[in-house]
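# A structural walkthrough
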Amino acid sequence: MLSVKRSMLLLMLCLSVAAVHAQEKKAAPVAVFNHLSQSIQLSEATLSAAMQMSRGQELTVAFSQEFNFPGRMISNENVFENLQTVIIKSSAYNNALFQLSKQVNRDNSITYVGRIFNPGGADGYELKRAMDGSYYFQKFQTASILQDCDLQ
């Protein structure tokens, strides 16, 4: 009889802990780039220079007068013969990542795609190309892109 009481007490304790854990509220994501513009123009030369850096190198990518991205090149790989991807991690923006890919097209023209985001942040930037061929960053909200997932 004593073991049944102990088992029931242990079961009630486990259920209480599970209920308390289920009610924990996670911190809301912080807007890392809230002090910057919605759209930032940048030159293709800036993107090209970023592709030339070596893995492990400390660098600062100057996107515009208002937006410098200091960080360390954590990856620079030629994925295919016509596709190169770099990843720069910046402690200045709460460990935000700048991922940039350069594709050499069949006609030898070059196209860049990329994003700046913080996995725990509420905002980021996507690299876009205007109709005139120039590049710019467009701010996005990560909640509209990333799906909620509570699996751990």
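Structural notes, computed from the coordinates. Fair warning: this is a prediction, and the values are worked out from it, not measured in the lab.

## Details of the nonpolar core
Counting residues in each nonpolar core, the largest one holds 26 residues, and the members touching the most others are F67 and F69. Excluding anything up to four places from it in sequence, F69 contacts L59, T60, V61, F63, I88, S90, Y93, A96, L97, F98 and I116.

## Brief notes about the pairing of strand 6 (residues 110-117)
Sheet topology note: the strand 5 (residues 96-104)/strand 6 ladder contains 8 bridges and is antiparallel. Paired with S101 across the strands is V113, a residue of strand 6. Linking two consecutive strands that pair antiparallel, namely strand 5 and strand 6, is a turn of 5 residues; a positive phi of about 65° is found at N108 within it. Counting the residues between successive antiparallel strands, the hairpin from strand 6 to strand 7 (residues 123-129) contains 5 residues.

## Looking at helix 2 (residues 44-51)
Because each turn of an α-helix spans 3.6 residues, side chains separated by three or four positions in sequence point in the same direction. Inspection of helix 2 places T46, L47, A50 and M51 among the buried residues, and these make up the whole buried set. Axial view of helix 2: buried residues confined to an arc of 140°, hence all on one face.

## Overview of the packing of aromatic side chains
Two numbers describe a pair of aromatic rings. These are the distance of the centres and the angle of the planes. Using the criterion set out here, one finds 12 aromatic pairs in the structure. When the ring of F67 is compared with that of Y93, the centres are 5.6 Å apart and the planes differ by 85°; the resulting orientation is edge-to-face. Here F67, found in the loop between strand 2 (58-62) and strand 3 (68-80), pairs with Y93, found in the loop between strand 4 (83-90) and strand 5; they are 26 residues apart in sequence, far enough to count as distant. When its relative accessible area of 0% is taken as the criterion, F67 is described as buried.

## Considerations on the side chain of S101
Within the fold, S101 resides in strand 5. Residue S101 is classed as buried on the basis of its relative accessible area of 9%. With near-sequence residues (within four places) excluded, S101 lies in contact with M51, L83, Q84, T85, T111, Y112 and V113.

What counts and how
Residues numbered from 1 in each chain as written. Predicted model: local features only at pLDDT ≥ 70, side-chain atom pairs only at ≥ 80, totals over all residues. Heavy atoms only, no water. Core = buried A, V, L, I, M, F, W, Y, C linked by side-chain atoms within 4.5 Å. Buried < 20%, exposed > 50% of the residue type's maximum accessible area, 1.4 Å probe, protein only. Contact = heavy atoms within 4.5 Å. Pairing = 2+ DSSP bridges. Helix = DSSP H or I, 4+ residues; strand = E, 2+ residues; numbered from the N terminus. Arc of directions from axis to C-beta. Phe/Tyr/Trp six-rings, centres within 6.5 Å; stacked < 30°, edge-to-face > 60°.

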